[in-house]
Amino acid sequence: MRQISEALQRAVRHQQSGQFSEAEAVCRQILAALPDQPDTLHLLAIIYAQTKRYAQANDNFRKAITLAPARADFIGNYANALWEQGSIEEAISYCERSLAINANQAEVLNVLGNALMVQNRHEKAVKSFRRALQLRPQYPHAFNNLGNALQKINQAAEAIPCYQQAIELQGDYSEACNNLGQALKNLGRIDEARAQFHKALQLTPNFNQARNNLAEVDSCWLEPLEGKKLYLRRYEAQDAAYLRYCHQNNDFMALYNQYIPRHQPADELAEKLRQTQALHPCQTKSVDWIIFRKNTGQPTGIANLVDINLSHRRAEFLIGLPDSEDRTRGVALEAILLVLDYVFNRVKLNKLIAHVYAHNAFSQKNALALGFTQESYLREHLVDPHGNLLDVYGNGMTMRDFHSSPRISKLSLRILGCDITVV
């Protein structure tokens, strides 16, 4: 028996150091001599689970538990393997069975909390993670998971110290850094969120979720757009008078957007602009620009990205020039090229959508000529403020369309002095 014990200890050392093949080989040697040795079956099950061979893991966990039904650790580790496989109800059942034998298992309580999270039972998950931390106050994973559960019940402020404690306990915990960034973002603390996403990527360079999160809060969303004759900057409170002038131009609004309030008092509009300008586009889901002539500094139009969907990397684009003559002088074209460069090269959205009223034949023709594809014609799709039914063209341009467009390449070289389609 002493030889079996020493061999099992050797197998454990191999398993703990990540030498799974060596650990498995030792376990098989032991089982060749003692086929019903429960600790060896349990260790082999763990090795199979760690190497994603779940069918074999489950078989060995069940054998070990049958041989030693009072071993809470066997049952708890099987619960963890079931959770990893997505067998959530079974995982919860085995967690409860393990805890009925020994209620003081922080690891099992952590697994139970994770399984409850999958079932959206977030309040119960919070209790499970808190109990785990009572048993093991320096348990970084339980702190991180408690933060996740608190965020799910809209308690981002309470989640932040949980993530901070997890990071203090485990300095290289990139997942906790990313989750802390999400909590900070949800509270509008964008600069702090950006720093945490950066840190997560420094720790784990291939952390795609952190990379996507960083892209959402990047400061490039706030930068102005500058061409040869035009520059575009985000709305400011001082733009209230110009925007009100645009909104009260009925002919212009009939082509641009018929649903913006026309007669909002200038002071109310200025205050709304002031509040919006203080927010990041990831919060407002929009970016709104005034188009200026560089030689005079005078506004000449407006451009917008609205309904920004960061999960699917798409947005809707609007542009409007109140002076009809500007629409044929290349002003709109330069502004559109600047926005395309911003969308596909700077903030790296994948798709731009442009809805055009059917009566605006000029804009629809230009959209198609530039490289948008008509994807739909929506009959009687909208009801205007006067009760009239409006038909709408639905146009789209993808990143692939943009980068493979000879026309955009040629136009941007001539108008902007560079080929914006080149990656």
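Treat the numbers as computed from the prediction; the structure is a model and nothing was measured. (Residues numbered from 1 in each chain as written. Predicted model: local features only at pLDDT ≥ 70, side-chain atom pairs only at ≥ 80, totals over all residues. Heavy atoms only, no water.)

### What to know about the nonpolar core
Most often, soluble globular proteins have nonpolar side chains that are buried together.
Part 1 of the reasoning: If you look at the biggest cluster of nonpolar residues, it comprises 118 residues, and the most contacted ones within it are Trp221, Trp289, Leu305, Leu340 and Tyr342.
Part 2 of the reasoning: Here the element with the most residues in this core is helix H18 (residues 331–346); it accounts for 11 residues.
Part 3 of the reasoning: Both domain 1 (1–217) and domain 2 (220–416) contribute no fewer than three residues apiece to this core.
Part 4 of the reasoning: Listed in part, the 15 residues of the second largest apolar core include Ala240, Leu243, Leu273 and Phe292. (Core = buried A, V, L, I, M, F, W, Y, C linked by side-chain atoms within 4.5 Å. Buried < 20%, exposed > 50% of the residue type's maximum accessible area, 1.4 Å probe, protein only. Helix = DSSP H or I, 4+ residues; strand = E, 2+ residues; numbered from the N terminus. Domains from an automatic or database assignment.)

### Some thoughts on the UniProt feature "repeat: TPR" (unreviewed entry) in the chain
Part 1 of the reasoning: As recorded in UniProt, the feature "repeat: TPR" (unreviewed entry) lies at residues 38–71, 106–139, 140–173 and 174–207.
Part 2 of the reasoning: Helix makes up 79% of residues 38–71 and strand 0%, with an end-to-end C-alpha separation of 10 Å.
Part 3 of the reasoning: In residues 140–173, the share of helix is 79% and the share of strand is 0%. The end C-alpha atoms are 9 Å apart. (UniProt positions renumbered as here; feature names shortened; annotations may be inferred.)

### Some words on the side chain of Asn179
Part 1 of the reasoning: Mapped onto the elements, Asn179 comes out in helix H11 (residues 174–186).
Part 2 of the reasoning: Among all residues touching Asn179, those that are not within four sequence positions of it are Asn144, Asn148, Gln151 and Tyr163. (Contact = heavy atoms within 4.5 Å.)

### With respect to the sheet that holds strand S3 (residues 287–293)
Part 1 of the reasoning: Overall, mixed pairing links the 8 strands, which are arranged S1-S2-S3-S4-S5-S6-S8-S7 in an open sheet. This sheet does not close on itself; its edge strands, each paired only once, are strand S1 (225–226) and strand S7 (373–383).
Part 2 of the reasoning: Taken together, the 7 bridges between S7 and strand S8 (residues 389–398) define a ladder with antiparallel strand orientation. Bridged to Val383 within S8 is Leu389.
Part 3 of the reasoning: In the packing of helix H14 (residues 240–247) onto the sheet, contacts are made with S3 and strand S4 (299–309), and the angle to S4 comes to roughly 85°.
Part 4 of the reasoning: Strands S1, strand S2 (230–234), S3, S4, strand S5 (314–320), strand S6 (351–357) and S8 of the sheet are contacted by H18, whose axis makes an angle of about 55° with S2. (Pairing = 2+ DSSP bridges. Axes fitted to C-alpha atoms, helices over the stretch in contact; angles between N-to-C directions.)

### Here we look at unusual backbone geometry
Part 1 of the reasoning: The phi torsion at Lys52 lies on the positive side, around 65°, for a residue other than glycine.
Part 2 of the reasoning: Checked against the element boundaries, Lys52 lands in the loop between helix H3 (38–50) and helix H4 (54–67).
Part 3 of the reasoning: In the Ramachandran plot, Lys285 falls in the positive-phi region, its phi being about 60° despite a non-glycine side chain.
Part 4 of the reasoning: Assessed through its relative accessible area of 34%, Lys285 is described here as partly exposed.

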